[in-house]
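Each chain, letter by letter, is given below.
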Amino acid sequence: MTLQQEIVGNAMQMAVVSLQPGRTVYCEAGKFLFKTANVTMETRLSGPSGGGGQPQAGAGGAGGASGAGGGMGGMLRQAMGTAMQVGQRALAGESLAFQYFTSTGGEGTVGFAGVLPGEMRALELDGTRAWFAEKDAFVAAESTVEFGIAFQGGKTGRSGGEGFVLEKFTGRGTVIIAGAGNFIDLNPADFGGRVDVDTGCVVAFEEGIQYGVQRVGGLNRQGVMNAVFGGEGLSLATLEGNGRVILQSLTIEGLANALRKAQGGDKQGPTGGLFSTNAG
């Protein structure tokens with residue numbers, strides 16, 4: 001059954017989730033806004049699967065008995081699984097903990113939001129395709145959706161900036177993501193099979209989309225002009241294939257530069273791009 005939720009607001013949206021009795025939704029620490037009194041809240045290091053992350057329907061649920069039944073070996077595997085999850089999230093710069101919300105004694109309500117002015121989107125996973133999202137895009141998901149970290153290695157990872165680490169969602173159920181500014185949905189197949197975008201504009205894409213990074217131009221006059229004066233630096237993200245892609249109209253770097261400029265602290269000067277002296 002699809003998670004009952006409503007995205008409300010305009011410039012700074014939030015998701016209001018209606019929880020049926022016994023159902024659980026989890027969020028990244030820092031994305032919770034409010035809940036009704038009949039919704040319990042628990043903070044854990046483990047994810048919703050593996051390492052003891054399967055949420056329990058109540059305080060004394062069967063999860064503890066299952067762990068005990070596995071003996072010391074099961075407890076050790078559980079602890080190692082949790083440690084690996086936490087280690088991955090730490091390397092990715094993600095929150096170390098998740099907060100779990102379970103409705104008891106009737107239907108409950110929980111509110112969540114992102115951390116930047118912008119839109120939110122509820123994605124429905126049917127178990128056949130994973131979704132990938134930029135860092136910090138994850139807001140909340142059903143307990144049937146698994147949260148993971150995907151490391152982009154090799155040339156893509158070294159050149160891609162934001163693209164080095166991606167959030168990965170698998171399983172069945174609803175996952176809610178957030179981004180900055182306004183969203184646009186597109187399919188590269190509708191544009192000749194490929195689109196090139198600013199690396200900071202990618203919010204999320206379906207499994208099957210090939211994500212890569214390429215230089216803005218060659219080592220010639222126009223390539224140097226693009227890098228120095230174009231504001232994009234040396235690289236663009238490439239998205240190829242047939243599937244859904246979600247882009248955002250505002251990048252975190254662009255927002256930060258605008259705030260610094262408004263405060264009189266803009267260090268980029270007229271060139272921007274390659275010769276920026278902005279340390280952030």
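On a predicted model such as this, the values are computed, not experimentally measured, just so you know. (Residues numbered from 1 in each chain as written. Predicted model: local features only at pLDDT ≥ 70, side-chain atom pairs only at ≥ 80, totals over all residues. Heavy atoms only, no water.)

1. Structural notes on the pattern of salt bridges
Two side chains of opposite charge can pair, provided their charged atoms sit close to one another.
Phase 1: Per the stated rule, a full pass over the model turns up eight salt bridges.
Phase 2: The closest approach of N and O atoms between Asp185 and Arg244, which form a salt bridge, is 3.6 Å. One end of the pair, Asp185, is in strand β13 (residues 183-186); the other, Arg244, is in the loop between β17 (235-240) and β18 (245-248), with 59 residues separating them in the sequence.
Phase 3: Salt bridges here are not isolated pairs; linked through shared partners, they connect Glu119, Arg121, Asp185 and Arg244. (Salt bridge = Lys/Arg side-chain N within 4 Å of Asp/Glu carboxyl O. Helix = DSSP H or I, 4+ residues; strand = E, 2+ residues; numbered from the N terminus.)

2. Digging into the nonpolar core
Phase 1: Core analysis: the biggest nonpolar cluster contains 21 residues, and Tyr26, Phe138, Phe169, Val175 and Ile177 have the highest contact counts within it.
Phase 2: Residue assignment for this core shows that the elements contributing at least two residues are β6 (98-103), β8 (120-126), β9 (131-133), β10 (138-142), β11 (145-151), β12 (165-178) and β15 (202-206).
Phase 3: Here this core gets four residues from one element, more than from any other, and that element is β12.
Phase 4: Excluding residues within four positions of it along the chain, Phe169 makes contact with Leu125, Ala130, Trp131, Ala133, Phe138, Val145, Glu146, Phe147, Val175 and Ile177. (Core = buried A, V, L, I, M, F, W, Y, C linked by side-chain atoms within 4.5 Å. Buried < 20%, exposed > 50% of the residue type's maximum accessible area, 1.4 Å probe, protein only. Contact = heavy atoms within 4.5 Å.)

3. Points about the sheet that holds strand β14 (residues 194-197)
Sheet strands line up and pair through hydrogen bonds in the backbone, either parallel or antiparallel.
Phase 1: Read across the sheet, three strands follow the order β14-β17-β16 without closing on themselves; strand pairing throughout is antiparallel. One side of each edge strand has no neighbouring strand; the edge strands of this open sheet are β14 and β16 (210-215). With direction set aside, neighbouring strand axes in the sheet form an average angle of 30 degrees.
Phase 2: Where β16 meets β17, six bridges bridge the pair, whose relative direction is antiparallel. Within β17, the position partnered with Gly212 by the bridge is Thr238. (Pairing = 2+ DSSP bridges. Axes fitted to C-alpha atoms, helices over the stretch in contact; angles between N-to-C directions.)

4. As for the environment of Val8
Phase 1: Here Val8 is to be found in strand β1 (residues 4-8).
Phase 2: Given the relative accessible area of 24%, Val8 is considered partly exposed.
Phase 3: Ignoring sequence-local partners within four residues, the contact set of Val8 consists of Gln13, Met14 and Val16.

5. Quick look at the sheet that holds strand β2 (residues 14-19)
Phase 1: Taken in spatial order, the four strands make up an open sheet running β1-β2-β7-β4, and their pairing is antiparallel. What marks the edges here is a single partner per strand, and that holds for β1 and β4 (32-35). On average, each strand axis in the sheet is inclined to that of its neighbour by 20 degrees, with strand direction left out of account.
Phase 2: Relative to β2, β1 runs antiparallel, the two sharing five bridges. Opposite Ile7, over in β2, you have Ala15 as the bridge partner.

6. Brief notes about the confidence of the model for the protein
Phase 1: Here the protein shows a mean pLDDT of 78. Residues at 70 or above account for 66%.
Phase 2: Within the model, the stretch residues 269-277 combines pLDDT values under 50 with 15 contacts to residues more than four positions away or in other chains. (pLDDT = per-residue confidence, 0-100.)

7. Some thoughts on the packing of aromatic side chains
Phase 1: Across all of its chains, the model carries 12 aromatic pairs by this definition.
Phase 2: Between the aromatic rings of Phe32 and Phe101, the centroid separation amounts to 5.0 Å while the plane-to-plane angle is 25 degrees, which identifies the pairing as stacked. Here Phe101 lies in strand β6 and Phe32 lies in strand β4, a separation of 69 residues in the sequence.
Phase 3: On the basis of relative accessible area, Phe101 is assigned to the buried category, the value being 0%.
Phase 4: Between Phe138 and Phe147 the ring centres are 5.1 Å apart and the planes differ by 50 degrees, which places this aromatic pair in the tilted class. Each member of the pair, Phe138 as well as Phe147, is classed as buried.
Phase 5: Through a chain of ring-to-ring contacts, the aromatic side chains of Tyr26, Phe98, Tyr100, Phe138, Phe147 and Phe169 assemble into a single cluster.
Phase 6: The ring of Tyr100 has Arg44 sitting right over it, with the charged end atom 3.9 Å from the ring centre. (Phe/Tyr/Trp six-rings, centres within 6.5 Å; stacked < 30°, edge-to-face > 60°. Lys NZ or Arg CZ within 6 Å of the ring centre and 35° of its normal.)

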